[in-house]
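Structure assessment
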Amino acid sequence: MRDLDPDLRALQEMRDAVRRAKAACAAIASYSQEQTDRLCKAMVDAGVAAAADLARLAVEETGIGRVHYKILKNLFGSEGTWASIKDEKTVGVIRRDEARGLVEVATASGVIAGIVPTTNPTSTALFKALVSVKGRNAIVISPHPRARRCIGETVEVLRRAIERAGGPPDLVIALSNPTIESTGALMKHRDIAIILATGGEGLVKAAYSSGRPAYGVGPGNVPLYVDRSADPADVARMVVASQSFDNATFCCSEQALVLDAPIADRALAELQARGAHLCDERETELLGRYCNRGGMMNPDVVGQDPWKIARAAGFDVPAETTILLAHQGGVGKDWPLSIEILCPVLSVHVVDGWEAGCKTSWEILKYGGLGHTMGIHCRDQAVLDRFFLEKPANRIIVNGPTSQGAVGYSTHLDPSVSLGCGPQAGNITSDNITARHLINVKRAAAPTRDWEERAVRDHARAASMGGDAAPRGSGLPGDPALHATPARTTSSSWAGNAGAQSYAKSAPAPGPTGVPKVQAALKATPSTTSTPATSSASGAAAQASVGSPVLQPQRAPLFTRSTGGAATAPRPAASATRPATPAPASAPAPNPAAARPASSGPHAGSSLSSGDIARLISGAGNGCPLGPCQGCPHHSVTTGACTA
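Now for a description of the structure that goes with this document. Bear in mind the structure is a predicted one, so any value in this text is a computation, not a measurement.

Another point: the overall build of the chain. Of regular secondary structure, the chain possesses 19 helices and 19 strands. Within the chain, the fraction of its 644 residues that count as buried is 49%. Partitioning the contacts of the chain with sequence separation of at least 6, the portion at a separation of at least 24 is 71%. Accessible surface, the chain as shown: approximately 29,600 Å² in total, 54% of it carbon and sulfur.

Below is the structure:
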């Protein structure tokens, strides 16, 4: 591949990586939860052991952030993530609800495409690999070109750990020469199950337009509202800690301070006491021109120390400066520092009252941060509730640092470096993405105990609206499908109209021997004992049922199944004898509903004895509300069923 064009070589490398990852994923498809967790624990231990080396490599290669905080992020991406997911079930049966008859089973999704940015390269690679393998998935990582070396080394650390634990190292693969084309092709590859994309708005849009399922996490423009009820000293302490956390390279770090007027001066004084520099008008203008290039963040400022940013902008501040603060009179293109800037630079907006603070916070979120994160320092619960209800941010950090809070380091949110922004930002979820988002959960469900009773009631409602009381297949009394003649006796069914002749006057067409088919069946089938006709009370009950609602409980069946499966009559009493001749015309007919066999199955009711059939024929029409049977289309000779 050395002689290939660089773009073609990158594409071929990507295809090979996906193929290898797919094979590795198949190799652990039968792993138990214990085996899977053993691989993950090996990855975590290796990530912790290499945290410092990987942090130094990341800062050297990218020039972004600070080594100390990169170490913290690496520990968070491995050890912190593992602490939150180690007890989570991601393999096999993960939940049983016996009371509701539900079973949930976790299966692997497949090969994950992980897009890793330059801002937090090693910690993001550790995190994405760990949450992928936890679900028995493999991951192919496409690094940012400016961070491919440190990301590649991170992946090698994980691969060696997996191999030592007895797993296939190709569960985690990094592309060594990524290009825009190869990354785009990776996201569109047919064998990619899910895309896990962290980056700018363009990358997120590309992920969602790739045609593959995707978790894209968008940019943040995080406002921090400081209410007059807040403690200025606490505010300053939290803000400085958040902005100093790897020089504000998390997209959930504060971008704007929205200060309630009565507390504004005290809050700024407390911030200055902790090393913040409040820019004058000239410095603010210089800073705005340097940090904002054509409405976009200047990439050269990302993760830089405040003194470096100030010098590059054209003024000097002490090396120990923690934050650059600059007043802005509004939000939008006329105020260049009101955009997202991933470094310790904060725009300052002074408002009068929480309503005005609410409005300004909304404008900042709408200007590049919808659905992401906001912070609020406040002791007034009524104000807090209004912010909770009204702000279009899916993580609201209360009285704490937003950098550490939104990712779950200082809060009980799920630890994650991939923060969903919800539909406001075009994301599929507002969750902190973690292992459970990368598994497929299938569900087995048993019927509820009352579903048939509910179905009867609902059918009755539908019948009252549409007029079809017993539609085909409903299983209700009168369902035509219940009385359909089996295929093997097609000639013996009554399919005539109301004017057809009765069986007594015109028998069905004879078979090859000239004997009517029903009579032939009677002669060919051994006779069995059957009960006499039902009592006149039963006949009266059958007649009384006419005109009553169709959806009635089914009466006890006339015939019962023997253990061998044939339909037989209940055993008669010792003194009972079978009538030698058909019952007189005045004898009541069997209950039509009760004439159905009790068994179920595709041929329920078709296995009758000769005695059963003879008695059904002899009693045909007796007690029928339509009068003596004259070849009635509602009556089946073979089964004895009557749909009238």
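Having seen the model, we can carry on.
Before going further, it helps to examine the packing of helix α9 (residues 232-244) against helix α10 (residues 261-273). If you want to describe how two helices pack, look at the angle between their axes and the distance between the axes. It is the contact of α9 with α10, at a shortest axis distance of 8 Å, that shows an interaxial angle of 50 degrees. Considering the angle they form, α9 stands oblique to α10. The two elements α9 and α10 cross, and the hand of that crossing is right-handed. Across the interface between the two elements, P232, A233, A236, V239 and V240 of α9 pack against I263, R266, A267, E270 and L271 of α10. A breakdown of the residues in the contact of α9 with α10 according to their chemical character gives 8 nonpolar, no polar and 2 charged.

Bringing the side chain of Q404 into the picture now. Mapped onto the secondary structure, Q404 falls in helix α15 (residues 402-406). Side-chain polar atoms of Q404 contact the backbone oxygen of A241, separated by 3.4 Å. Each residue touching Q404, except ones within four places of it in the same chain, is listed here: A241, S242, F245, Y409 and S410.

All right, on to the packing of aromatic side chains then. According to the stated counting rule, one finds 5 aromatic pairs in the structure shown. Summarising the aromatic geometry, the rings of Y69 and F245 are spaced 5.6 Å apart at their centres and angled 70 degrees between planes, so their arrangement reads as edge-to-face. One end of the pair, Y69, is in helix α4 (residues 67-85); the other, F245, is in the loop between α9 and β9 (254-260), with 176 residues separating them in the sequence. Looking at Y69, the relative accessible area reads 18%, which means it is buried. Residue F245 is classed as buried on the basis of its relative accessible area of 6%. Relative to Y409, the ring of F245 lies with its centre 6.1 Å away and its plane at 35 degrees, an arrangement referred to as tilted. With F245 in the loop between α9 and β9 and Y409 in the loop between α15 and β17 (439-445), this pair connects stretches of sequence that are 164 residues apart. The exposure class of Y409 is partly exposed, given its relative accessible area of 46%. Each member of the aromatic cluster is reached from another via a ring pair, and the members are Y69, F76, F245, F250 and Y409. Here K73 stacks its cationic end above the ring of F250, 3.9 Å away from the centre of that ring. If you follow K391 out to its NZ or CZ, it ends over the ring of F387, 4.7 Å from the centre.

Thresholds, definitions, all that
One numbering rule holds for all chains: residues counted from 1, following each sequence as written. Owing to the predicted nature of the model, reporting of local features is limited to residues with pLDDT of at least 70; listing and counting of side-chain atom pairs is limited to 80 or more, with chain, interface and lining totals taken over all residues. Side-chain metrics in this entry use all non-hydrogen atoms of the structure; hydrogen atoms and water are not considered. Strands here mean DSSP runs of E at least two residues long; helices mean DSSP runs of H or I at least four residues long; both are numbered from the N terminus. Buried means the residue's accessible area, taken with a 1.4 Å probe over protein chains only, is under 20% of the maximum for its type, while exposed means over 50%, and partly exposed covers the values in between. The contact criterion used throughout is that any non-hydrogen atoms of two residues lie within 4.5 Å. Areas reported as accessible are Shrake-Rupley estimates using a 1.4 Å probe. Residue values count occlusion only from the protein chains shown. Axes here mean lines fitted to C-alpha atoms, for a helix over just the part in contact, with angles spanning 0 to 180 degrees between N-to-C directions. Put simply, angles under 35 degrees are roughly parallel, angles over 145 are roughly antiparallel, angles from 65 to 115 are roughly perpendicular, and the rest are oblique. Crossing handedness follows the turn of the near helix against the far one: under a right angle anticlockwise gives a left-handed crossing, and clockwise gives a right-handed one. Residues are grouped as follows: Ala, Val, Leu, Ile, Met, Phe, Trp, Tyr, Cys and Pro are nonpolar; Asp, Glu, Lys and Arg are charged; every other residue, Gly included, is polar. Any pair of nitrogen or oxygen atoms within 3.5 Å is treated as a polar contact; in protein, a donor-acceptor pairing is required on top of that, and neighbouring residues in sequence qualify only through side-chain atoms on both sides. Centres within 6.5 Å make a pair out of two Phe, Tyr or Trp rings, where for Trp the six-membered ring is used; the pair is then stacked when the planes are under 30 degrees apart, edge-to-face when over 60, and tilted otherwise. Two conditions define a charge sitting above a ring: the NZ of Lys or the CZ of Arg must be within 6 Å of the ring centre, and it must be within 35 degrees of the ring normal.

Such coordinate-based values are descriptive only and should not be taken to indicate function.
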